[in-house]
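Close look at the chain arrangement
This is what each chain is made of:
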Amino acid sequence: MNRYLERKKGEIMEYCFVEFQVDDFTRFNALCEVFNEIKKDKDNDYWRNEEDWLIFFDCKALSHFWWPSEEEKTEHYRRWFATPVEDRWTDLSLKTPWDFESMFDAFENGEYQLISCSMVSADRARLEFEPFSYPYGGIGAIQALVESFDFVILAEDEGTKYTKFNL
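Report on the accompanying structure. Please read all numbers here as calculations on a predicted model, not as lab measurements. (Residues numbered from 1 in each chain as written. Predicted model: local features only at pLDDT ≥ 70, side-chain atom pairs only at ≥ 80, totals over all residues. Heavy atoms only, no water.)

1. Considerations on the overall build of the chain
A tally of regular secondary structure across the chain gives seven helices and seven strands. Reading the chain from its N terminus to its C terminus gives the helix and strand order β-β-β-α-α-α-α-α-α-β-β-α-β-β. Its C-alpha atoms put the chain at 55 × 35 × 35 Å along the principal axes. Here the chain holds 167 residues, and the buried ones make up 39% of them. In the chain, of all internal contacts separated by at least 6 residues, the share reaching a separation of at least 24 is 65%. Carbon and sulfur atoms make up 51% of the accessible area of the chain, which totals about 10100 Å². Side-chain charges in the chain split into 19 positive and 35 negative, and the spacing between the mean points of these groups amounts to 5 Å. (Helix = DSSP H or I, 4+ residues; strand = E, 2+ residues; numbered from the N terminus. Buried < 20%, exposed > 50% of the residue type's maximum accessible area, 1.4 Å probe, protein only. Contact = heavy atoms within 4.5 Å. Areas by Shrake-Rupley, 256 points an atom, 1.4 Å probe, with all protein chains shown as cover. Lys, Arg positive; Asp, Glu negative; His and termini not counted. Charge placed at Lys NZ, Arg CZ, Asp CG, Glu CD.)

2. A word on the pattern of salt bridges
Side-chain pairs of opposite charge can arise where the charged atoms are in close proximity. For the structure on display, the rule yields eleven salt bridges. Note that Lys40 and Glu37 form a salt bridge whose closest N and O atoms lie 3.3 Å from each other. Of this pair, Lys40 and Glu37 both sit in helix α1 (residues 25-44), three residues apart, which is roughly one turn of the helix. For the salt bridge of Arg48 with Asp41, the shortest nitrogen-to-oxygen distance reads 2.9 Å. (Salt bridge = Lys/Arg side-chain N within 4 Å of Asp/Glu carboxyl O.)

3. So, the pairing of strand β4 (residues 112-119)
The pairing of β4 with strand β5 (residues 124-131) spans seven bridges and is classified as antiparallel. Each residue of the ladder has a partner; that of Tyr112, found in β5, is Pro131. Remark: four residues form the turn of the hairpin made by β4 and β5, two consecutive strands paired antiparallel. (Pairing = 2+ DSSP bridges.)

4. Structural notes on the pairing of strand β6 (residues 153-157)
Here β6 lies mainly inside the structure; five of its five residues are buried. As paired elements, strand β3 (residues 16-21) and β6 share four bridges and run antiparallel to each other. Counted as the bridge partner of Phe20 is Ile153 from β6. As judged from the three bridges shared by β6 and strand β7 (residues 162-164), these two strands associate in the antiparallel manner. In the strand pairing of β7, Asp157 is matched with Tyr162.

5. Regarding unusual backbone geometry
The omega torsion across Tyr134 and Pro135 is 0 degrees, close enough to zero to call that bond cis. Examined against the element boundaries, Pro135 turns out to sit in the loop between β5 and α7 (140-148). In this structure, Asp45 takes a positive phi of about 50 degrees despite not being glycine. Checked against the element boundaries, Asp45 lands in the loop between α1 and α2 (50-53). Given the relative accessible area of 64%, Asp45 is considered exposed. Phi is positive for Asp150, which is not a glycine, with a value near 70 degrees. Topologically, Asp150 is positioned in the loop between α7 and β6.

Here it is as structure tokens:
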């Protein structure tokens, strides 16, 4: 059976996920609200403009994203293309946080269904999703969303492997 199409453990459906520590339920509820709106848009194949998403994020969450000026973008791309291809992804000076618009673009184009964002224990939650195929676009946008609300990712199963982070 294809793991990406249907994964079962006994009789319980098992989805891919990002699991994270919850220590602030107000922020968790804010994350759930934006998750549900993203899920709704993804399920309906309708996407709002970037400005329409801003209402779901407070200043603290928005500070996690990269908001470059045109000059900063130009300089970043100049440095990116001046760096040898084999070094671009490992050069830490070229690493930037997700920009806000790109995160939503990745959600829109990711080949997966968003399932749920819910508590799984007293202090842990999971954002679950089901890929349609491989490659499906990866979990970078999901990680960026969770981290923007200041949650620490503890484990993830992206469909190819389970990873637990030692924190």
